[in-house]
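Structure assessment
What follows is each chain in one-letter form.
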Amino acid sequence: MRTKLDPPSLDAVLGSASAIAKGRLAGEGPAGKLPLTPDMLREEPSGNLFGLTQNVGMGWSPAALEGPQYVIVSTHGGLRSEDGSPVALGYHTGHWEIGLLVRAAAETLRAAGAIPFAAYCSDPCDGRTQGTTGMFDSLPYRNDAAVVMRRLIRSLPTASGVLGVATCDKGLPATMLALAGCRDLPGVIVPGGVTLPAVGGEDAGQVQSLGARFARDLVSLDYAATMGCRACGSSGGGCQFLGTAATSQVVAEALGLALPHSALAPSGEPVWLELGRRSALALLRLDALGLTIKGILTQRALENAMLVHAAFGGSTNLLLHIPAIAHAAGLRPPTVQDWIRVNRATPRLVDALPNGPRGHPTVQVFMAGGVPEVMLHLRRMGLLHGDVLTATGDTLDATLDWWATSGRRQAARARLAAAASVSPDDVIMGPDAARRAVLTSTVVFPVGNLAPEGAVIKATALDPAVVGDDQVYRHRGPARVFVDERDAIRAVKGVGTDRPIRAGDVIVLIGNGPSGTGMQETAQVTTALRYLPWGKHVALLTDGRFSGFSSGACVGHIGPESLHGGPIGRVRDDDLIEIVIDRGALTGSVDLVGAAGQALDADACAALLQSRGPHPGLAPHAALPADTRLWAALQRASGGTWAGCVYDVDRIVATLEAGLRLTKEVK
């Protein structure tokens, strides 16, 4: 129970006369003179001149106004005292400490004679909003934040470059979208780092299953309370597993937007603290070289990022974010066939939480060499485009040549071996070692009579115990249909239901797409299944999406979504569902194969799905915000989830104009 506070007195709320009595009504303006010239006064926009007035009004020296101006945009949240203790909490550890990176970058720019500006657009926590209506704003936030950040950047038209500082599931993708849309400026991303694992504690993903484990009598109340308290080994950084937050950092570096060996740095540690300074120097270098974002963010850089995503075994949420970044940058977004081709080219090379087999925390992946180490392997495999330019101002090949013999690489790998007794080659493997360890390719795109437009599964996260020797996962079981995630998690916990989820069931969660819930994540369900002993024998189908931490037979992004006629919305309890995922061929199927527990042939199943109406409970969630309904409509007109849930202005305008013409014709 949360304590209810006593109300403050009305007098304290209304205030007193003493604060009025000594108040000033005028003040001395800044001393000195603006460095104006006759040409400036005749030719410059009044806004540029007024900006100088505002600069000195905020305390900047009039004598130091002639340097180049740079914007630092970040997702910093919360308010820390000088000793780091909280005055007002942020929403999550990921944005709690990044103000330190902003400060380091700003001080570096200022010392170089530049004028830094800092702007903020904080972000929500997908872990905090799991299982709540707050999740309805998660994916829409990404688009809105990118718009806000771009507006903030463009609102300083005198800026010579931009630095984006962010981490976590939607904040970092939003920042990448923002910079991609400002491609005529030099720009650098500073990944916000990761949280240290806690000694003797569970990680931040595992603790999210404490409720389900307690409900199934697998842990005690005392254990749950202790582990829930102990999950964070440091106060900053994204979660310790390779979820969406960590994968987004990896992708930022793989795109060339972030400095080499910057993704997954441990927040608050010296190797992380220097990122603000070094990234600011990189921005100055890019500006001096005349290298803008469009020179870095190219079609070949995009493919590099897809290869690195596959090699890391990254979150399926990046199948929404990478196409959106491409769209913002004016590039051709990857197609499903592009994803299949890339994932066939490389197995997963990284053993990280939650994929396993051992499941190393992200800080160990960083110390094993992180993104550049993985890229070395990809280059040896002949897959990488080494001629692309990066945030260093040099080519990727030159960067990897440096990395291969650098003292930094040697020190990181030695530190991992000495401090954690872990061989870096067991964390980041070469392709032959990865195949021997049965680290298969990352994503598969199943189709079938329940997913005619396709679906996604992170096949590398399937438990080996349920995969055949032929690397094929096969599951046939009865459907358990839910139109509300809260009912699904109660059934998984076995609480408040006369029919709890059992091994063999196929959970079918419908109405979870953009038009139903803003395409919420279902991580509380999938995380619970991961840590219940029999959870590996349960499958889940949804038109929603999953947390990057999810594992198991979780098939999401099923299209069309149920509220727009998708056949998944016509499934009923006890229908027979069959899922087949071939991790070798990277093919899969998701099909209705029977009804009422009885098998039917393909024609009979097709006829049944055709004749049935939608599930009687199917409807947009009653608490879906109007803003999210608008987002869902705009992204649907722009190509939907397979296009990255973007705002395609031309398509939206064309759709609106067609609708307006039709409306006039009807009248």
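As the structure is a computational prediction, the values presented were derived from the model and not from experiment.

Attention shifts here to helix α23 (residues 485-493). Looking only at α23, the buried set comprises Glu-485, Ala-488, Ile-489, Ala-491 and Val-492. Projected down its long axis, α23 shows its buried positions confined to an angular sector of 160 degrees, all on one face. Each element contacted by the buried residues of α23 is listed here: β9 (472-482), β10 (506-509) and α25 (523-531). A positive backbone phi angle near 75 degrees is found at Gly-494, which sits one or two residues after α23.

Once that is clear, we can look at the packing of helix α14 (residues 299-312) against helix α18 (residues 370-380). Contact pair α14 / α18: the axes reach a minimum separation of 10 Å and the direction vectors enclose 100 degrees. If you check the angle between α14 and α18, you find them roughly perpendicular. Only Gly-370, Val-371, Val-374, Met-375 and Leu-378 of α18 make contact with α14, whose side of the interface consists of Leu-307, Val-308, Ala-311 and Phe-312.

With that settled, the discussion passes to the nonpolar core. The biggest cluster of nonpolar side chains holds 112 residues, and the ones touching the most others in it are Leu-255, Leu-264, Leu-297, Phe-312 and Leu-378. In contact with Phe-312, other than residues within four places in its own chain, are Leu-242, Val-250, Leu-264, Arg-348, Val-350, Asn-355, Val-365, Gly-370, Val-371 and Val-374.

The subject of this paragraph is the sheet that holds strand β5 (residues 159-166). Reading across from one edge, β4-β1-β5-β6 is the order of the 4 strands in this open sheet, with parallel pairing throughout. Each edge of the open sheet is held by one strand with a lone partner, namely β4 (115-120) and β6 (187-191). Within this sheet the neighbouring strands show an average axis-to-axis angle of 20 degrees, counted without direction. Here β5 pairs with β6 via 5 bridges, running parallel. The residue of β6 that forms the bridge with Ala-166 is Pro-191. Contacting β1 (69-74), β4 and β5, helix α7 (residues 138-154) crosses the sheet at an angle of about 165 degrees to β1. Taken strand by strand, helix α12 (residues 270-289) contacts β1, β5 and β6, and its axis lies near 170 degrees from that of β6.

Below, the discussion takes up the side chain of Ser-279. Inspection of the secondary structure puts Ser-279 in helix α12. Within the structure, the side chain of Ser-279 is placed 2.7 Å from the backbone oxygen of Leu-275, a separation counted as a polar contact. Residue contacts for Ser-279: discarding those within four places in its chain leaves Leu-163, Val-188, Val-190 and Leu-259.

We now examine the environment of Ala-523. By the element assignment, Ala-523 lies in helix α25. The exposure class of Ala-523 is buried, given its relative accessible area of 1%. Distance from Ala-523 to Ser-547, taken between C-alpha atoms, is 5.2 Å for residues 24 residues apart in sequence. Apart from the residues lying within four places of it in its own chain, the contact partners of Ala-523 are Gln-130, Glu-485, Ala-528 and Ser-547.

Counting across every chain of the model gives 2 aromatic pairs. Both rings, one in Phe-445 and one in Trp-642, keep their centres 6.2 Å apart while their planes meet at 55 degrees; by these two values the pair is tilted. Pair noted here: Phe-445 is in the loop between β7 (443-444) and β8 (454-458) and Trp-642 is in the loop between α27 (626-637) and α28 (649-666), with a separation of 197 residues, a long-range link. Residue Phe-445 is classed as buried on the basis of its relative accessible area, which comes to 10%. The ring of Trp-60 carries Arg-110 above its face, with NZ or CZ at 4.3 Å from the centroid. The ring centre of Tyr-531 lies 5.6 Å from the NZ or CZ of Arg-213, which sits over that ring.

We now examine the pairing of β6. For β6, the buried fraction is high: 5 of the 5 residues fall into the buried class. What you see with β6 is no split at all: Gly-187, Ile-189 and Pro-191 on one side and Val-188 and Val-190 on the other are buried throughout. For the crossover from β5 across helix α8 (residues 171-180) to β6, the handedness is right-handed.

So, on to the layout of surface pockets. Space left empty within the atom packing is revealed by a probe, the size of a water molecule, rolled over the atoms. Looking at the largest pocket, its volume works out to about 720 Å³. Along its surface, the largest pocket is lined by 35 residues, and Tyr-91, His-92, Thr-93, Cys-125 and Cys-239 are the ones closest to its centre. Listed by contribution, the elements that provide at least two residues to the lining of the largest pocket are α5 (93-96) and α11 (244-254). For the lining of the largest pocket, the class distribution of residues is 15 nonpolar, 16 polar and 4 charged.

Attention now goes to the state of the cysteines. Throughout the structure, instances matching the rule amount to 0 disulfides. Take Cys-168: it sits in no disulfide, and the sulfur closest to it among the cysteines is that of Cys-239, at 6.4 Å. Judged by its relative accessible area of 9%, Cys-168 falls in the buried class. Cys-232 takes part in no disulfide bond, and the closest cysteine sulfur to it belongs to Cys-239, at a distance of 7.1 Å. Given the relative accessible area of 42%, Cys-232 is considered partly exposed.

What counts, and at which threshold
- Residues numbered from 1 in each chain as written.
- Predicted model: local features only at pLDDT ≥ 70, side-chain atom pairs only at ≥ 80, totals over all residues.
- Heavy atoms only, no water.
- Buried < 20%, exposed > 50% of the residue type's maximum accessible area, 1.4 Å probe, protein only.
- Helix = DSSP H or I, 4+ residues; strand = E, 2+ residues; numbered from the N terminus.
- Arc of directions from axis to C-beta.
- Contact = heavy atoms within 4.5 Å.
- Axes fitted to C-alpha atoms, helices over the stretch in contact; angles between N-to-C directions.
- Parallel < 35°, antiparallel > 145°, perpendicular 65-115°, else oblique.
- Core = buried A, V, L, I, M, F, W, Y, C linked by side-chain atoms within 4.5 Å.
- Pairing = 2+ DSSP bridges.
- Polar contact = N/O pair within 3.5 Å; in protein donor to acceptor, adjacent residues only side chain to side chain.
- Phe/Tyr/Trp six-rings, centres within 6.5 Å; stacked < 30°, edge-to-face > 60°.
- Lys NZ or Arg CZ within 6 Å of the ring centre and 35° of its normal.
- Right-handed = clockwise from strand over helix to strand, strands pointing away.
- 1 Å grid on protein atoms, 1.4 Å probe; cavity = no way out; pocket = protein on both sides within 12 Å on 5 of 7 lines; lining within 4 Å.
- Points joined across faces, edges and corners; volume = space filled by probe spheres on them.
- Nonpolar A, V, L, I, M, F, W, Y, C, P; charged D, E, K, R; others polar.
- Disulfide = S-S within 2.5 Å.

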